[in-house]
Amino acid sequence: QVQLVESGGGSVPPGGSLRLSCAAAGSIPSLNTMAWYRQAPGKQRELVASLATTRNTNYADSVKGRFTISRDNAGNTVFLQMNNLKPEDTAVYYCNLRPLLASRNFWGQGTQVTVSS
């Protein structure tokens, strides 16, 4: 089973930065997409950014130009650099791994990001 462990969350003022990391362990399919989702209270979970082993990336419009997703395939680690954070970025951020050739996908436990004065 794949285990995903997120870290790097915290509380920052508007305009601040955080760098999230997600370390994957276990039996990890070589072809996969790793992604960051977030869910704020009372809101639907939304895709923030994704990065496939093909290096194709996808970003939510709300974070383009501010967030950058990157990946260390050797270590099966995905990062999310978040700059110029806004209060509306406040959410629990979840790491996701989706194998290309299987329907099952895996989730981390989540890490809280709070942006406030």
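Coordinates for the structure precede this section.
Residues numbered from 1 in each chain as written. Predicted model: local features only at pLDDT ≥ 70, side-chain atom pairs only at ≥ 80, totals over all residues. Heavy atoms only, no water.

A. Spotlight on unusual backbone geometry. Even without a glycine there, the phi angle at R55 is positive, about 80°. Its location among the elements puts R55 in the loop between β5 (46-52) and β6 (57-59). (Helix = DSSP H or I, 4+ residues; strand = E, 2+ residues; numbered from the N terminus.)

B. Just the state of the cysteines, in detail. One pass over the full model with this rule turns up one disulfide. Between the sulfur atoms of C22 and its disulfide partner C95 the distance amounts to 2.0 Å. Between C22 and C95 the sulfur-sulfur dihedral comes to about -80°; the bridge is accordingly left-handed. Here C95 lies in strand β9 (residues 91-99) and C22 lies in strand β3 (residues 18-25), a separation of 73 residues in the sequence. (Disulfide = S-S within 2.5 Å.)

C. Looking closely at the sheet that holds strand β8 (residues 77-82). Across the sheet, four strands lie side by side as β1-β3-β8-β7; this open sheet has antiparallel pairing. Of all the strands in the sheet, just β1 (3-7) and β7 (67-72) have a single pairing partner and so form its edges. Averaged over all pairs of adjacent strands, the angle between strand axes in this sheet comes to 15°, irrespective of strand direction. In the sheet, β3 pairs with β8 via six bridges, with the strands oriented antiparallel. Bridge assignment links S21 to a residue of β8, and that residue is F79. (Pairing = 2+ DSSP bridges. Axes fitted to C-alpha atoms, helices over the stretch in contact; angles between N-to-C directions.)

D. Representation of the packing of aromatic side chains. Applying the stated criterion across every chain yields a total of one aromatic pair. Across the ring face of F79, the terminal group of R19 is positioned such that the distance to the ring centre comes to 4.0 Å. Directly above the ring of W107 sits R45, whose terminal nitrogen or CZ lies 4.0 Å from the centroid. (Phe/Tyr/Trp six-rings, centres within 6.5 Å; stacked < 30°, edge-to-face > 60°. Lys NZ or Arg CZ within 6 Å of the ring centre and 35° of its normal.)

E. Here's a closer look at a nonpolar patch on the surface. On the surface, L31, L100 and L101 cluster together to form a nonpolar patch covering roughly 350 Å² of accessible area. The residue L31 is located in the loop between β3 and β4 (32-39) in this model. (Patch = residues over 30% accessible without salt bridge, like charges linked within 9 Å, V, L, I, M, F, W, Y side chains within 5 Å. Areas by Shrake-Rupley, 256 points an atom, 1.4 Å probe, with all protein chains shown as cover. Salt bridge = Lys/Arg side-chain N within 4 Å of Asp/Glu carboxyl O.)

F. Representation of the environment of V5 in the model. Its place among the elements puts V5 in strand β1. For V5, a relative accessible area of 46% translates into the label partly exposed. Linking V5 and A35, residues 30 residues apart in sequence, is a C-alpha distance of 13 Å. With residues up to four places along the chain from it excluded, the contact list for V5 reads S21, C22, A23 and Q109. (Buried < 20%, exposed > 50% of the residue type's maximum accessible area, 1.4 Å probe, protein only. Contact = heavy atoms within 4.5 Å.)

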